[in-house]
Amino acid sequence: MSEAITNTSARFEGDGVVSFTTAALDAPATGLARIRVDVCALCGSDKRLLASGADVVPGHEVVGTVIESAAGAPAAGTRVVVFIPVSCGQCAACRRQQNNRCYELRGLMGWQFDGGFAEYMDVPPQCLIPVPDDIPSDVAVLALDTFGTAAHALRLGARTQPSGIEDLLVIGCGPLGLGVVAVALAMGIPKVQAWDPNGSRLALAEALGADAAPDLEGTNRHQVVAEVSGAASARASAQDLVEPGGAILALGESNEPYLMPATPRWRRTDCFTVRSFYFPPTEVDDNWELLRSQGARLRDTIMTPTRLSDLEDTFTRFVDGEYVKPYITHEETR
Ligand SMILES: [Zn+2]
Ligand SMILES: [Zn+2]
């Protein structure tokens, strides 16, 4: 039994308001391990919860250290990332270690279960993945939504192409789009172009090693188009730009419906549209390798350390575009 500890955690009240509570922690519920949160990154998808309010502690890109283990969890002292799908462990997908495809998904950490905008977090053992010692926590966090989601989408996309992906256009240079750029380069995709209406965001993609696409005009120009913005106009552009036989990676999320219009162009285009969700644990080892080659560069290009107590202000700056990928840390900031 550990000594009594208090936990400060954040809540989204709606309309951009963040509140905090500090309370003594009881022992974790049976079966859950407890981690100290070392890093929790802000995600574009959090903005929707920030506006609507959330019933649980938000924050779903978490690196922590196990302070109280549980059956099936890494030992106390192990540094971990939190794999957010709370999967059943027994369905056909889970038995293949494709827990992101769980047929009986119970929910997601930071969405339906308390997440990482807090000092401590209780986590089911199947959601804890140890971090290799040589990867710092502010790089390891990129293994989740930024590298993990990007790499899985690119791998799914590659399976649709007889010789893999040789020509990629990334539309939208937010954190995930920049992650797609970094992963594509780490994977050795020979031609990686990026586009964003915001010149400073596009410059970040160029800093990572992508070429700037001159425009989004024309048709049949790219083998694979990663649409990461979620904007209706960008989705329409992706449908024009993809080559026959190519693939659109539909990663961008928005509240707008995804349209498959019965226009002559789209009706006469023979291609793949790939939608992916997160990544399976089986890909994590390969993703650490990708992070070793491009992770520190991506961190230095997009990330800003901040404090939990500054979360509301950090979100304001994130929504305004001042920060690309801020994260809270309880460690001394770099
Ligand atoms: Zn996220
Ligand atoms: Zn399952």
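To keep things clear, this report deals only with the structure shown in the data block. What you see is a predicted model; the values in this text were computed from it and never measured.

The rules behind these values
- Residues numbered from 1 in each chain as written.
- Chains lettered and ligands numbered in written order.
- Predicted model: local features only at pLDDT ≥ 70, side-chain atom pairs only at ≥ 80, totals over all residues.
- Heavy atoms only, no water.
- Pairing = 2+ DSSP bridges.
- Helix = DSSP H or I, 4+ residues; strand = E, 2+ residues; numbered from the N terminus.
- Contact = heavy atoms within 4.5 Å.
- Axes fitted to C-alpha atoms, helices over the stretch in contact; angles between N-to-C directions.
- 1 Å grid on protein atoms, 1.4 Å probe; cavity = no way out; pocket = protein on both sides within 12 Å on 5 of 7 lines; lining within 4 Å.
- Points joined across faces, edges and corners; volume = space filled by probe spheres on them.
- Donors = N, O, S within 2.8 Å, 3.2 Å for Na, K, Ca; no water.
- Tetrahedral: all angles 85-135°; square planar, octahedral: opposite > 155°, others 65-115°.
- Buried < 20%, exposed > 50% of the residue type's maximum accessible area, 1.4 Å probe, protein only.

## Section: the sheet that holds strand 8 (residues 167-171)
For step 1, the next point in the chain: Strand order in the open sheet made by the six strands is 10-9-8-11-12-13, with parallel pairing throughout. In the strand order of this sheet, the two ends are held by strand 10 (211-212) and strand 13 (272-274), each with one partner.
For step 2, the next point in the chain: For strand 12 (residues 242-250) and strand 13, the ladder comprises three bridges, and the chain directions are parallel. Each residue of the ladder has a partner; that of leucine 249, found in strand 13, is valine 274.
For step 3, the next point in the chain: Where helix 5 (residues 175-186) meets the sheet, its contacts fall on strand 8, strand 9 (191-195) and strand 11 (222-227), and the angle it forms with strand 8 comes to roughly 165 degrees.

## Let's talk about the layout of surface pockets
For step 1, the next point in the chain: As a volume, the largest pocket reaches approximately 870 Å³.
For step 2, the next point in the chain: What lines the largest pocket is a set of 35 residues, among which Cys43, Gly44, Ser45, Leu176 and Glu253 lie closest to the centre.
For step 3, the next point in the chain: Secondary structure elements with two or more residues in the lining of the largest pocket: helix 1 (46-52), helix 5 and helix 10 (311-319).
For step 4, the next point in the chain: Among the elements that line the lining of the largest pocket, the one with the most residues is helix 5, at three residues.

## A few points about the coordination of the zinc ion (ligand 2)
For step 1, the next point in the chain: In the first shell of the zinc ion (ligand 2), the protein supplies Cys88 (SG), Cys91 (SG), Cys94 (SG) and Cys102 (SG), at 2.3 to 2.4 Å from the metal.
For step 2, the next point in the chain: One can describe the donor arrangement at the zinc ion (ligand 2) as tetrahedral, given that its four donor atoms subtend angles of 103 to 118 degrees at the metal.
For step 3, the next point in the chain: In terms of primary sequence, the donors binding the zinc ion (ligand 2) are separated according to C-x2-C-x2-C-x7-C. With a gap of 14 residues between them, cysteine 88 in the loop between strand 5 (79-82) and helix 2 (92-95) and cysteine 102 in the loop between helix 2 and strand 6 (120-123) connect regions that are remote in the sequence. You'll find cysteine 88 and cysteine 102 in the same group, each marked buried.

## Comments concerning the coordination of the zinc ion (ligand 1)
For step 1, the next point in the chain: Every protein donor of the zinc ion (ligand 1) is listed here as Cys43 (SG), His60 (NE2), Glu61 (OE) and Asp145 (OD), and their distances to the metal cover 1.9 to 2.7 Å.
For step 2, the next point in the chain: Each of the four donor atoms bound to the zinc ion (ligand 1) contributes to angles spanning 84 to 143 degrees, and the resulting shape is irregular.
For step 3, the next point in the chain: One chain supplies every donor for the zinc ion (ligand 1), spaced along it as C-x16-H-E-x83-D. Within this pair, whereas histidine 60 is found in the loop between helix 1 and strand 4 (62-68), its partner aspartate 145 is found in the loop between helix 3 (137-140) and helix 4 (147-159), the two being separated by 85 residues in sequence. In this pair, the class of histidine 60 matches that of aspartate 145, namely buried.

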